[in-house]
Amino acid sequence: MNSSSSLCSSASLSSSPFLSFPLFNTSQQQQNQWKEFTRLLSNQLYSRGFDLVKAFPAQRYNAKILSNISPLPTYKRNSTLAFVIANTKHLWSYFLRNLYNQSQMHHNPWNNNPLDLYTKQSVAESVNEVLGIIDQRDVKCDIRHAFEMEKSRFVAFQLLAHESGLAYYNRTCGLNVHEIAGPWIGLRSVVTLDLEGPSISDTTIPLENPYPEGDSLLKAKLFSILHQKNFTSSNKEKEKSTANGISRDWYQWVELRDLASGFMTEEAQIKWRYSEEQLEYHYTKNLSRLQEVVNMSKNDDKTHS
Ligand code: B12
């Protein structure tokens, strides 16, 4: 099968603007396999709404975690190929369309956490597609998601996103901040494969804080949110809390993200900030509201089929 030509056509339909890798060079096949894999995987994921993908050696994360956190598998290699997968607001329309299509097919997508399920399916499908294209279906593969809390599967995603070079982890506000999309990103999954990863010289030098001058403001805002929360968490307030323990005054977490966007141009802030409905679902996980949004977008978008 001439897989590269069939892939090129799908890549040109929906290729990630964040891709910055050079094209595959056959004379350096072994060393560059991870670059080709990155290109293929990025395109698969982009067409499902996940537009941030970064390759890194799994060892890089393993070297930084605390001893009580499970390392990523390394398959006895010195550099093991791993990918961190995240999204900007790009995900939202793909996710809504998937929900709509599922409900049209009389599947019930409204159980548990539909975004977690969509992520799980999309990442597994994308990885399988790529392994099929490069004819390496038997390669060992481990996929973990940000929502997995079981000890053996848990990943400290903020540290991972930082160490992989995807987005700076600003501990002052507890957010990873991407150099282009700012704090408007969601960290989703990590894929580790029994393949040669990038060499240390191929990987990003430690990321720098894109907005150090904002730290004092962010620190004050976080303090005010946590302080206010502690002092207003009466039983009545707690009753008003959502299932994930976040009080209905969730908008202050949005304000924290707005503050962390202070280094972006006004145009970039408008471009990358989540829409109001995406924000509401992200912070409340309100399924009936999500159902309304899906129904509304169905009426707005005649391309659903
Ligand atoms: C546990 C957890 C929480 C707990 C934190 C409990 C605690 N403080 O002990 C709760 C449920 C409260 C929570 C809430 C939120 N979280 Co949270 N959370 C996680 C989770 C699952 C694990 C974090 C962890 O233990 N890391 C390991 C330790 C060793 O590393 P650490 O760097 O010291 O981790 C600390 C911080 O991550 C902090 N924390 C967790 N979330 C957030 C968010 C903010 C804004 C702040 C200030 C701190 C903070 O709690 C950790 C333990 O002290 C991660 C996903 C993951 N698997 O990494 C998401 C994650 C860190 N959370 C995230 C977010 C956005 C939030 C929320 C703002 C709302 C939301 N869910 O969208 C809220 C509100 C923040 C708050 N502090 O109340 C995002 C951050 C994205 C980014 N761009 O950086 C993550 C990566 C999830 C994701 N899929 O993107 N979270």
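To be clear, the structure that these remarks concern was listed above.
Every residue gets a number counted from 1 within its own chain, in the order that chain's sequence is written. Under the rules for a predicted model, residues below a pLDDT of 70 receive no local features and side-chain atom pairs below 80 are neither given nor counted, while totals for whole chains, interfaces and linings still include all residues.

Undergrad: Help me understand the overall build of the protein in this model?
TA: When you go through the protein residue by residue, the secondary structure sums to twelve helices and six strands. Partly exposed residues are those whose C-beta has more than 12 but fewer than 20 other C-beta atoms within 10 Å; 20 or more makes a residue buried and 12 or fewer makes it exposed, with C-beta atoms placed from the backbone. Among the 305 residues that make up the protein, the fraction classed as buried is 33%. For the purpose of contact definition, each residue receives a C-beta atom placed from its backbone, and two residues are in contact when these atoms lie within 7 Å. Of the contacts made within the protein by residues no fewer than 6 positions apart, 75% connect residues no fewer than 24 positions apart. The numbering of helices and of strands both runs from the N terminus, where a helix is a DSSP run of H or I of at least 4 residues and a strand a run of E of at least 2.

Undergrad: Help me understand the site of the ligand in this model?
TA: For the ligand, the set of nearby residues contains 21 residues, the closest of which are A146, A156, F157, G174 and N176. With three residues, the top contributor of residues to the shell around the ligand is helix α6 (residues 157-163). Classes in brief: Ala, Val, Leu, Ile, Met, Phe, Trp, Tyr, Cys and Pro nonpolar; Asp, Glu, Lys and Arg charged; the others, Gly included, polar. In the shell around the ligand, the residues fall into 14 nonpolar, seven polar and no charged. Each residue gets a C-beta atom placed from its backbone. If that atom is within 6 Å of a molecule or strand, the residue is near it.

Undergrad: Help me out: how do you make sense of the nonpolar core in this one?
TA: One recurring pattern in soluble globular proteins: nonpolar side chains tend to sit buried together. By our criterion, buried Ala, Val, Leu, Ile, Met, Phe, Trp, Tyr and Cys residues that link up through C-beta atoms within 7 Å make up a nonpolar core. Core analysis: the largest hydrophobic core is formed by 58 residues, its most contacted members being F83, V84, I85 and A161. For every domain, the bounds stem from an assignment made automatically or drawn from a database. Two domains each donate at least three residues to this core, and these are domain 1 (3-202) and domain 2 (212-300). Residues in contact with I85, not counting those within four places in the same chain, are L45, F50, V53, V123, R188, S189 and V191.

Undergrad: Explanation requested: helix α4 (residues 91-104) in the structure shown.
TA: Spacing of three or four residues puts side chains on the same side of an α-helix, whose turn is 3.6 residues. What a helix is expected to span follows from its residue count: subtract one and scale by 1.5 Å. Here α4 spans 20 Å end to end across 14 residues, near enough to the 20 Å set by a 1.5 Å rise per residue. Every buried residue of α4 is accounted for by L91, W92, F95, L96, N98 and L99. With its buried residues spanning 160° around the axis, α4 presents them on a single face. Of the residues one or two after α4, H106 is the one with positive phi, at around 60°. Directions from the helix axis toward the C-beta atoms define the arc.

Undergrad: Would you explain the environment of V254 in this entry?
TA: Along the polypeptide, V254 turns up in helix α9 (residues 251-260). The class of V254 is partly exposed, set by 16 C-beta atoms lying within 10 Å.

Undergrad: Just to check I follow, could you spell out the sheet that holds strand β1 (residues 52-57) for this structure?
TA: One key point about sheets: their strands pair by backbone hydrogen bonds, in either a parallel or an antiparallel sense. One open sheet holds the four strands; their spatial order is β1-β2-β6-β3, and the pairing between them is antiparallel. Either end of the sheet is taken by a strand with one partner, and the two such strands are β1 and β3 (141-145). Between one strand axis and the next, the sheet turns through 20° on average, direction left out of account. Paired strands, in this sense, are two strands between which DSSP finds at least two bridges. Note that strand β2 (residues 80-87) and strand β6 (residues 186-196) share seven bridges and pair antiparallel. Its bridge partner lying in β6, V84 is registered against V190. Across the sheet, helix α5 (residues 114-133) touches β2, β3 and β6, and the angle it forms with β3 is around 160°. Lines fitted to C-alpha atoms define the axes here, with helix axes fitted over just the stretch in contact, and angles between the N-to-C directions of these axes take values from 0 to 180 degrees.

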